[in-house]
Amino acid sequence: MVRVIGEVPGVEVGQEFRTRRDAHGAGVHRPLQAGICGTKRGGAESIVVSGGYKDDQDHGDVIVYTGHGGQDASNNQVSDQSLDDPGNAALVTSYLEGQLVRVLRGAHRGSQFAPRSGYRYDGLYRVASYGSTMGVDGHRIWQFRLEADRETGVPEPPTQDVQPTLDAVSDPPLGAATPARVRTDVQRIVRNGAVVRRVKTWHGGACQLCGLTVVLPGGVYSEGAHIQALGSPYNGPDITDNVLCLCPTCHVMFDGGAIVLTDDLDIVKHGEVVGALRTHPQHRIDLARVRNHRERWGG
């Protein structure tokens, strides 16, 4: 069966399956037993949320998912979990690469969002964060926070059209312990993850601007930055010669125009040349994209 990251053609969100084998046959979740489908190299394709771990939390559009390993036949945690486990490593890669993961929910009593019977495909979720903690059975577990990609949580709009000035505010805003969420329809550019992964691989995850390699438990984190921005009005292509491998700080500065490149691929930061772009023999940079980015910021 072909490995698929993201949506499976012909399968709709909310589609139900009588058994795991039916979900396997549809390509939604290929393993017949394992709850995580994926590899460290390729990332996680899908997970099953079916109440198999005591520390799981299912809030609908947010899932706190306990990683794999350390359980006995009665679902008791009897040993610590590790990021070396292939399933856990796959979810880490999904976080590092920003890949979306299919979620299949199975019937169980521990979640009001579970189907009454069988299994249901509930769409794509993003691995927003991960970390370890001591589980209820007294062993260290790894947990992954997954957030539904089809819903965006935003603050409720203000009740007044005119906002007070800072001088008029005597007390700091109270905020909200549980921020309100509203459903929105969002149109976004569909990016080719393979393009960004190729560029990151060429550079080993090291930032091409500052040289920093961000090493996290489970892997190296870096970001793919498009030189000529995607979408209107810039309409840059999603190809390797339009992508840089950057650390988060340099990505923000590059996207915001604080850093630009010359045609000689010198790095100009706040108007001063501070170094040269780190390159790789296989990574061609299209100078037309570089000029487009520089001209966008008045260079």
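Look above for the structure.
Let us look at the structure shown here. Per chain, residues are indexed from 1 in the order of the written sequence. Whole-chain, interface and lining totals are the exception, using all residues; otherwise, since this is a predicted model, local features are given only for residues with pLDDT of at least 70 and side-chain atom pairs are given and counted only at 80 or more. To get the side-chain values, take all heavy atoms of the structure and skip hydrogens and water.

**Focus: the pairing of strand 14 (residues 266–269)**
This is how it is decided: At least two bridges found by DSSP between two strands is the condition for calling them paired. Helix numbering and strand numbering both begin at the N terminus, where a helix is a DSSP run of H or I of at least 4 residues and a strand a DSSP run of E of at least 2.
The pairing of strand 13 (residues 259–261) with strand 14 spans three bridges and is antiparallel. If you follow Val260 over to strand 14, its bridge partner there is Val268. From the end of strand 13 to the start of strand 14, which pair antiparallel, there are four residues, and Leu265 there has a positive phi angle of about 65 degrees. Pairing analysis gives four bridges linking strand 14 to strand 15 (residues 272–276), with the strands arranged antiparallel. Across the sheet, the residue bridging to Asp266 is Ala276, located in strand 15. The hairpin formed by strand 14 and strand 15 contains two residues between the paired strands, and His270 there has a positive phi angle of roughly 50 degrees.

**Some remarks on empty space enclosed by the protein**
Definition in use: Put plainly, a pocket is an open set of points on a 1 Å grid over the protein atoms alone with protein on both sides within 12 Å along at least five of seven lines, a cavity is a set where a 1.4 Å probe fits but cannot get out, and a lining residue has an atom within 4 Å of a point. Grid points are joined across faces, edges and corners, and a volume is the space filled by probe spheres set on the points. Classification convention: Asp, Glu, Lys, Arg as charged; Ala, Val, Leu, Ile, Met, Phe, Trp, Tyr, Cys, Pro as nonpolar; all other residues, Gly among them, as polar.
Under the definition given, this model contains one cavity of 30 Å³ or more. Taken as a whole, the largest cavity encloses approximately 30 Å³ of empty space. If you trace the largest cavity, you find it lined by Tyr53, Lys54, Asp55, Gln71, Asn75, Gln77, Val136 and Asp137. The class makeup of the residues in the lining of the largest cavity is two nonpolar, three polar and three charged.

**Overview of the layout of surface pockets**
For the second largest pocket, the calculated volume is near 470 Å³. Around the second largest pocket, the lining is made up of 17 residues, and of these Arg41, Thr93, Glu97, Arg197 and Thr201 lie nearest the centre. Going through the elements one at a time, helix 2 (86–97), helix 3 (193–203) and strand 10 (219–221) are the ones with two or more residues in the lining of the second largest pocket. With five residues, the top contributor of residues to the lining of the second largest pocket is helix 3. Looking at side-chain class alone, the lining of the second largest pocket contains three nonpolar, eight polar and six charged residues.

**Examining the side chain of Asp85**
To be explicit about the condition: Only protein chains enter the area calculation, which uses a 1.4 Å probe; residues under 20% of their type maximum are buried, those over 50% are exposed, and those in between are partly exposed. His is not counted here, nor are the chain ends, while Lys and Arg score as positive and Asp and Glu score as negative. Each reported salt bridge corresponds to a side-chain nitrogen of Lys or Arg within 4 Å of a carboxyl oxygen of Asp or Glu. Whenever a nitrogen or oxygen atom comes within 3.5 Å of another N or O atom, the pair is scored as a polar contact, on the condition that within protein one atom can donate a hydrogen and the other can accept it, and that pairs from neighbouring residues in sequence are kept only if both atoms are in side chains.
Inspection of the secondary structure assignment puts Asp85 in the loop between strand 5 (62–66) and helix 2. The side chain of Asp85 is buried and forms no salt bridge, while Lys40, the nearest opposite charge, is found at 12 Å. Of the polar contacts made by the side chain of Asp85, one reaches the side chain of His68; its length is 2.8 Å.

**Things to note about the packing of aromatic side chains**
The geometry of an aromatic ring pair is captured by two quantities: the separation of the ring centres and the angle between the planes. Our working rule: Geometry of aromatic contacts follows a simple scheme: Phe, Tyr and Trp rings, the Trp one being its six-membered ring, pair when their centres are within 6.5 Å, and the pair is stacked under 30 degrees between planes, edge-to-face over 60, tilted otherwise.
Overall, the coordinates contain four aromatic pairs when judged by the stated rule. Ring centres of Tyr95 and Tyr130 lie 5.3 Å apart, and the angle between their planes is 75 degrees; this geometry places the pair in the edge-to-face category. One end of the pair, Tyr95, is in helix 2; the other, Tyr130, is in strand 7 (residues 119–134), and 35 residues separate them in sequence. Take Tyr130: its relative accessible area is 18%, and that puts it in the buried class.

**A closer look at unusual backbone geometry**
Although it is not a glycine, Leu265 adopts a positive phi angle of roughly 65 degrees. Relative to the assigned elements, Leu265 resides in the loop between strand 13 and strand 14. Overall, Leu265 belongs to the buried group, its relative accessible area being 16%. A positive phi angle, near 50 degrees, is found at His270, a position not held by glycine.

**What about the sheet that holds strand 15?**
The test is simple: Angles shown run from 0 to 180 degrees and are taken between the N-to-C directions of axes, each axis being a line fitted to C-alpha atoms and, for helices, limited to the stretch in contact.
One open sheet accounts for three strands, arranged 13-14-15; its pairing is antiparallel. On the outer flanks of this sheet lie strand 13 and strand 15, each paired with one strand and no other. On average, adjacent strands in this sheet sit at an angle of 35 degrees to one another, irrespective of strand direction.

**Section: the pattern of salt bridges**
A side chain with one charge may pair with a side chain of the opposite charge, provided their charged atoms come close. Counted according to the given criterion, the structure contains 14 salt bridges. A salt bridge links Asp122 to Arg105, with the shortest nitrogen-to-oxygen separation between them at 2.7 Å. Here the residue Asp122 occupies a position in strand 7, and Arg105 occupies one in strand 6 (residues 100–106), the gap between them amounting to 17 residues. For Arg105, a relative accessible area of 2% puts it in the buried group. Note that Asp263 and Arg294 form a salt bridge whose closest N and O atoms lie 3.1 Å from each other. One end of the pair, Asp263, is in the loop between strand 13 and strand 14; the other, Arg294, is in helix 5 (residues 287–296), and 31 residues separate them in sequence. Accessibility expressed as a relative area gives 17% for Arg294, which makes it buried. Through salt bridges with shared partners, a single network forms among Arg3, Arg30, Glu45 and Arg102.

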